[in-house]
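# Notes for the structure review
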Amino acid sequence: MPIAPEYLHLVHPDTVFHALLYGRASRDPKKRGRSVEDQLDTGTEMCDTYNWPVAEVFKDIDRSASRHARRARDDFEALIDAIEAGRGRIVVAFEASRYYRDIEAYIRLRNACMAANVLLCYNGQVYDLSKREDRKATAQDAIAAEDEADGIRDRNLRTARSTAKKGTPHGRILYGYARRYDPDTGDLIEQYKHPTRGPLVREAFERVAAGETEYSILQDFRSRGERLPGIEWQYYHLPTMLRNPGYAGQRVFQGKVLGEAKWPPIVPRDLFDQVQQIVRDPARLTTKDWSVRYLLSGIARCGECEHAPHLRVVKTRGHRAYQCSEGYHTMMRTKMLEGYVEQALLKWLELRATDAFRTDDQQVKAAKARTRLAGLKQQLADAQEKAATFDDGGRPLLSVDSLTTLEARLVPMIEAAEAESRVVQVPPVLVGLIGASDMEKRWKDLTTEQQRAVVRQCVNVRLHRARARGIRTIEPGRIVLAFVGEEGFRAQPRHARGAARE
Ligand SMILES: [Zn+2]
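A few points on the structure.

Definitions and limits used
- Residues numbered from 1 in each chain as written.
- Predicted model: local features only at pLDDT ≥ 70, side-chain atom pairs only at ≥ 80, totals over all residues.
- Helix = DSSP H or I, 4+ residues; strand = E, 2+ residues; numbered from the N terminus.
- Buried ≥ 20, exposed ≤ 12 C-beta atoms within 10 Å, placed from the backbone.
- Contact = placed C-beta atoms within 7 Å.
- Core = buried A, V, L, I, M, F, W, Y, C linked by C-beta atoms within 7 Å.
- Domains from an automatic or database assignment.
- Axes fitted to C-alpha atoms, helices over the stretch in contact; angles between N-to-C directions.
- Parallel < 35°, antiparallel > 145°, perpendicular 65-115°, else oblique.
- Left-handed = near helix turned anticlockwise from the far one by under 90°.
- Nonpolar A, V, L, I, M, F, W, Y, C, P; charged D, E, K, R; others polar.
- Pairing = 2+ DSSP bridges.
- Expected span 1.5 Å × (residues − 1).

Attention now moves to the overall build of the chain. What the chain contains, in helices and strands, is 17 helices and 15 strands. Going through the 502 residues of the chain one by one, you find that 29% of them count as buried. Long-range pairs, those at least 24 residues apart, make up 65% of the contacts in the chain between residues at least 6 apart in sequence.

As structure tokens, this is what we get:
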């Protein structure tokens, strides 16, 4: 339970509560809200009364008009930083809606406070987010604040499930569509194809159906501009888009197709189905060159020559062997070298590839997304539990309406966080292979050229001379492998990459 500020010193004697003061102007056409200065005055007074030294003050002005202004950070971000850096012990705002622009802002604030053991104060109450009860209470306030911010009125508030069944749009708008609202009532009139984004979605489906890779489409889209103002195309945007039945005019709720949607399809059903077969095929690869029959010819290199010429395959005494293409410096039977490299490569793909391909930046983002994901899932679980728990009067602690509204909001956010936590800039040839549990089978199902593409992306192979003539075994140090991210690894030119538009 939250406690009143005047009791805080009883619960936490000997603690000095350095305060982080936060004020935010909201989009409030009727100007009922208090100005930022008003909010901060009230907060300062409160801090004086309870003897909390004000450590820092943060204020966000109304940014709705300047959303696309080039302002990378607002004070909310600075506040999160200050919490994470331990520059205060309590965050003080005037009321819940000041913190919570949306559920996501709430989750971030909550996680930051929990991690740094910082208390949250608003509406004259102090919340300790390490306590489950307080998390529930603040979550409810966040939902209420977001509803208010969205201007959702009771008479318009139907449950997400029933709207989903009717096929009307609900929740986050699908990229490629736009919505028209009644200017008087605020009611949704229709969801229609966005004049420029709709055709872009359609184009992506058509190009994949025509055999182009998501990677090259992404590069092209990037070169043509931003996905949304201020938002660039990211690697995970396309895969998510290409799998969303909403584009075929299907209404989906919690991962299940419920039926025909009210909005027009951007992609015809047969095209959508065709693309599903392509994008869900794990062995889909980009390179095609059937002229080469050996796994490592032209890829593995001689370890004895300084400029490391490629190995080639020669026939010798009835079997084939890799040999330095410039002389007799190195030689090993094809089966032996291939077996060794394959084994090491599959092990590496299974255990270490994911991290190797992640940039530092992506690792940070993925870690953040995982934290966010955990918070969102917890919130959903809390809400579901609450809806299944009844008070003495037989009413659920959380109404079905609230739950479904919450679910409709959270599910897309959870999906987005999941997608983001998985994001790795993996070369297209490796999608479906990295981390797979049935790696060996998948590997065997690939054509030689596909396998060669994988090798080229992942590992440098150098073959050294045997200790003495006639040695056929693999002595330590004869085969030297350097995988992506390891010292000595050099990217090798990739063929047929940009030219995948067939
Ligand atoms: Zn050589």
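Positioned with a positive phi, Asn-51 is a non-glycine residue whose angle comes to about 65°. Its place among the elements puts Asn-51 in the loop between α2 (36-50) and β2 (54-60). Located in the positive-phi region is Ala-308, a residue other than glycine, with phi close to 50°. Here Ala-308 is to be found in the loop between β10 (301-302) and β11 (311-316).

On to the nonpolar core, then. With 51 residues, the main nonpolar core has Leu-20, Tyr-22, Ile-83, Ile-90, Val-91 and Val-92 as its most contacted residues. Taken together, domain 1 (5-150) and domain 4 (365-423) each give at least three residues to this core, which thus spans both. Among residues more than four places away in sequence, those in contact with Ile-83 are Leu-20, Gly-88, Val-91, Ala-112, Cys-113, Ala-116 and Val-118. In this structure, Cys-302, Val-341, Leu-345 and Leu-349 belong to the second largest nonpolar core, which totals 26 residues.

Attention shifts here to the packing of helix α14 (residues 360-387) against helix α15 (residues 400-422). One way to put it is that α14 packs onto α15 with a least axis distance of 9 Å and a crossing angle of 160°. The angle between α14 and α15 falls in the class roughly antiparallel. Once α14 is placed against α15, the crossing between them reads as left-handed. Tallied by class, residues from the contact of α14 with α15 come to 14 nonpolar, three polar and seven charged.

So, on to the packing of helix α3 (residues 75-84) against helix α5 (residues 103-116). Relative to each other, α3 and α5 sit at 20°, their axes nearing to 8 Å. Regarding the angle of α3 to α5, the classification is roughly parallel. The interaxial crossing formed by α3 with α5 has left-handed handedness. Contacts between α3 and α5 involve Phe-76, Ile-80, Ile-83 and Glu-84 from the first element and Ala-105, Arg-108, Leu-109, Ala-112, Cys-113 and Ala-116 from the second. Its residues assigned to classes, the contact of α3 with α5 comprises eight nonpolar, no polar and two charged.

All right, on to helix α17 (residues 448-458) then. For α17, every residue scored as buried is listed here: Gln-451, Arg-452, Ala-453, Val-454, Val-455, Arg-456 and Cys-458. The inward-facing, buried residues of α17 contact α12 (334-351), α13 (353-357), α16 (439-445), β14 (459-463) and β15 (479-483).

The strands that make up a sheet are held in pairs by hydrogen bonds between backbone atoms, and each pair lies either parallel or antiparallel. Sheet architecture is open: three strands sit in the order β11-β12-β13, paired in antiparallel fashion. Sheet topology places β11 and β13 (331-333) at the edges, where each strand pairs with a single neighbour. Neighbour-to-neighbour, the strand axes of the sheet open up by a mean angle of 35°, direction not taken into account.

Here the focus is α5. End to end, α5 covers 20 Å across 14 residues, agreeing with the expected 20 Å (1.5 Å per residue, within 8%). Among the residues trailing α5, Asn-117 stands out with phi positive, at a value near 60°.

What follows deals with the environment of His-194. Assignment of secondary structure puts His-194 in the loop between β7 (188-193) and α8 (197-209). A tally of 18 C-beta atoms within 10 Å means that His-194 is categorised as partly exposed. Among all residues touching His-194, those that are not within four sequence positions of it are Gly-176, Tyr-177 and Ala-178.

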